[in-house]
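# Tertiary structure, described
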Amino acid sequence: AVVSTQSTGTGAGISTASGIPDFRGPKGVWTLEEMGLRPDVNIDFQTARPTFTHFAIVEICKMLDKLCYVVSQNVDNLHMRAGLAKDKLSEVHGNIFTEKCPSCGREFERAQPTKSIGMKKTGNLCTARKIRNIKCRGKLVDTVLDWEDPLPFDELAESEWRCSEAGLCLVLGTTLQIQPTGNMPLRTKRNGGKVVIVNLQKTRLDTSADLVINAKCDQVMGVVCKELSLTVDTEPLALLQPGLRMVKKCFRPEPVRYRVKRVKVEEGGNAVETEEAEVE
């Protein structure tokens, strides 16, 4: 997750307490595969419950208000079920409960997970109103990315801009292996901010961080909330009734133009090229 004065990045590690496996943890999907074992992945996203960390992030964002922003690599919808507002969240890999209209850009939240990934058509039509109150009727697609799909440009640009403006980037439950999100904390460092990493395993940016805590996210966030005297409500929002609900899109007050540029970042002592979206 990422915040302007504080930025926060979340990965699969914050959802393991909900029964959703991570990738590189002791029982992670990729860890078991590397050991020659077959991971037992049987996820029911509808019954998954937000963890304490999800709820703690909501309370911290309420406290910081406009200074808080979350960038998540997770598709499980648990940030929003915990009560995090959409305008404080970028889901760079999509949301299994969200559909999007390619015609007008509106997003819709579903009561059930979509049955496809890879931005395929879901069979639903956009019900948003256009000029003269005419329905858009664009063909909705799912928002969960497949391996070869590019990250949604608006979400990526917003995330990188927020990280650049952050005085603190808090990384929770990710080894930062997946690019380009894995390099976002470096944008905070380049602009004089601090980076704090909370993860059970080592991460790719441990040597660049100002503080690394190898512990469970729920335990660390419990201590943080106690120090901040925050009361955390751990009752999740109810799932939607069957049908579609429009999710308010978050746009900047002023029109902002972006350009994509190739930059070199240091990784393990070597210069590696990557793409970044930059505000012009």
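Residues numbered from 1 in each chain as written. Predicted model: local features only at pLDDT ≥ 70, side-chain atom pairs only at ≥ 80, totals over all residues. Heavy atoms only, no water.

In this section: the nonpolar core. Core analysis: the largest hydrophobic core is formed by 23 residues, its most contacted members being Leu172 and Met221. Looking at this core, the elements with two or more residues in it are helix H2 (52-64), strand E2 (68-72), strand E8 (168-172), strand E9 (194-198) and helix H6 (217-227). Take this core: its biggest share by element is six residues, from H2. (Core = buried A, V, L, I, M, F, W, Y, C linked by side-chain atoms within 4.5 Å. Buried < 20%, exposed > 50% of the residue type's maximum accessible area, 1.4 Å probe, protein only. Helix = DSSP H or I, 4+ residues; strand = E, 2+ residues; numbered from the N terminus.)

This next bit is on the pattern of salt bridges. When their charged atoms lie close together, side chains carrying opposite charge are able to pair. Inspection of the entire model under this criterion finds nine salt bridges. Notably, a salt bridge pairs glutamate 155 with lysine 86, separated by 3.8 Å at the nearest N-O pair. A residue pair is termed long-range when its members are at least 10 positions apart, and glutamate 155 in helix H4 (residues 153-165) and lysine 86 in the loop between helix H3 (78-81) and strand E3 (89-91) qualify at 69 residues. Note on glutamate 155: relative accessible area 9%, which makes it buried. (Salt bridge = Lys/Arg side-chain N within 4 Å of Asp/Glu carboxyl O.)

Once that is clear, we can look at the state of the cysteines. Scanning all chains against the criterion turns up one disulfide. Cysteine 61 shares a disulfide with cysteine 68; S-S distance 2.2 Å. Note on cysteine 61: relative accessible area 1%, which makes it buried. Using a relative accessible area of 2% as the deciding quantity, one classes cysteine 68 as buried. In this structure cysteine 104 is a free cysteine whose sulfur lies 3.7 Å from that of cysteine 126, the closest cysteine sulfur available. (Disulfide = S-S within 2.5 Å.)

Here glutamine 73 shows up in the loop between E2 and H3. Looking at glutamine 73, its side chain comes within polar contact range of the side chain of threonine 181, at 3.0 Å. (Polar contact = N/O pair within 3.5 Å; in protein donor to acceptor, adjacent residues only side chain to side chain.)

Let's shift gears to the packing of H2 against H6. Closest axis-to-axis distance for the H2/H6 pair is 9 Å, and the angle between their directions is 30°. Taken together, the axes of H2 and H6 are roughly parallel relative to one another. Crossing hand, H2 versus H6: left-handed. Each of Phe52, Thr53, Ala56, Ile57 and Ile60 in H2 lies in contact with H6, whose residues at this interface are Cys217, Asp218, Met221, Gly222, Val224 and Cys225. (Axes fitted to C-alpha atoms, helices over the stretch in contact; angles between N-to-C directions. Parallel < 35°, antiparallel > 145°, perpendicular 65-115°, else oblique. Left-handed = near helix turned anticlockwise from the far one by under 90°. Contact = heavy atoms within 4.5 Å.)

Within the element layout of this structure, leucine 186 appears in helix H5 (residues 184-190). Note: C-alpha distance between leucine 186 and serine 164 (22 residues apart in sequence) is 8.5 Å.

Let's shift gears to the environment of leucine 172. Here leucine 172 is to be found in strand E8. Assessed through its relative accessible area of 0%, leucine 172 is described here as buried. For the pair leucine 172 and threonine 53, spaced 119 residues apart in the sequence, the C-alpha separation amounts to 8.9 Å.

Of the residues in the protein, 70% have a pLDDT of 70 or more, and the chain-wide mean is 78. Taken element by element, the predicted model of the protein shows its lowest mean pLDDT in helix H1 (residues 29-34) (43) and its highest in strand E10 (residues 211-213) (95). Across residues 28-33, confidence stays below pLDDT 50; counting only partners more than four residues off in sequence or on other chains, it has 19 contacts. For residues 250-258, every residue scores under 50 in pLDDT, and the model assigns this stretch 14 contacts once sequence neighbours within four places are set aside. (pLDDT = per-residue confidence, 0-100.)

A negative phi holds for most residues other than glycine; trans holds for most peptide bonds. Cis geometry marks the peptide bond from glutamine 179 to proline 180, where omega comes out at 5°. Turning to its location among the elements, proline 180 is positioned in the loop between E8 and H5.

The next subject is H6. Of all the positions in H6, only Cys217, Val220, Met221 and Cys225 are classed as buried. Down the axis of H6, the buried set is contained in an arc of 135°. They therefore lie on one face. Seen from the open side of H6, the exposed residues pointing more than 90 degrees away from its buried face are Gln219, Val223, Lys226 and Glu227. Tucked into the core, H6 has its buried residues touching H2, E8, E9 and E10. After H6 finishes, the residue serine 229 shows a positive phi value of roughly 55°. (Arc of directions from axis to C-beta.)

Below, the discussion takes up the pairing of strand E5 (residues 107-110). The alternating pattern of E5 places Glu107 and Glu109 and Phe108 and Arg110 on opposite faces, both of which are buried. With three bridges joining them, strand E4 (residues 98-100) and E5 adopt antiparallel strand pairing. Paired with glutamate 99 across the bridge in E5 is phenylalanine 108. Following E4, the chain reverses through six residues before pairing antiparallel with E5; glycine 105 in that reversal takes a positive phi of roughly 85°. (Pairing = 2+ DSSP bridges.)

Moving on to H2. Taking 1.5 Å as the rise per residue, H2 with 13 residues should run 18 Å; its terminal C-alpha atoms sit 18 Å apart, in good agreement. Immediately downstream of H2, the backbone of aspartate 65 shows phi near 55°, a positive value. (Expected span 1.5 Å × (residues − 1).)

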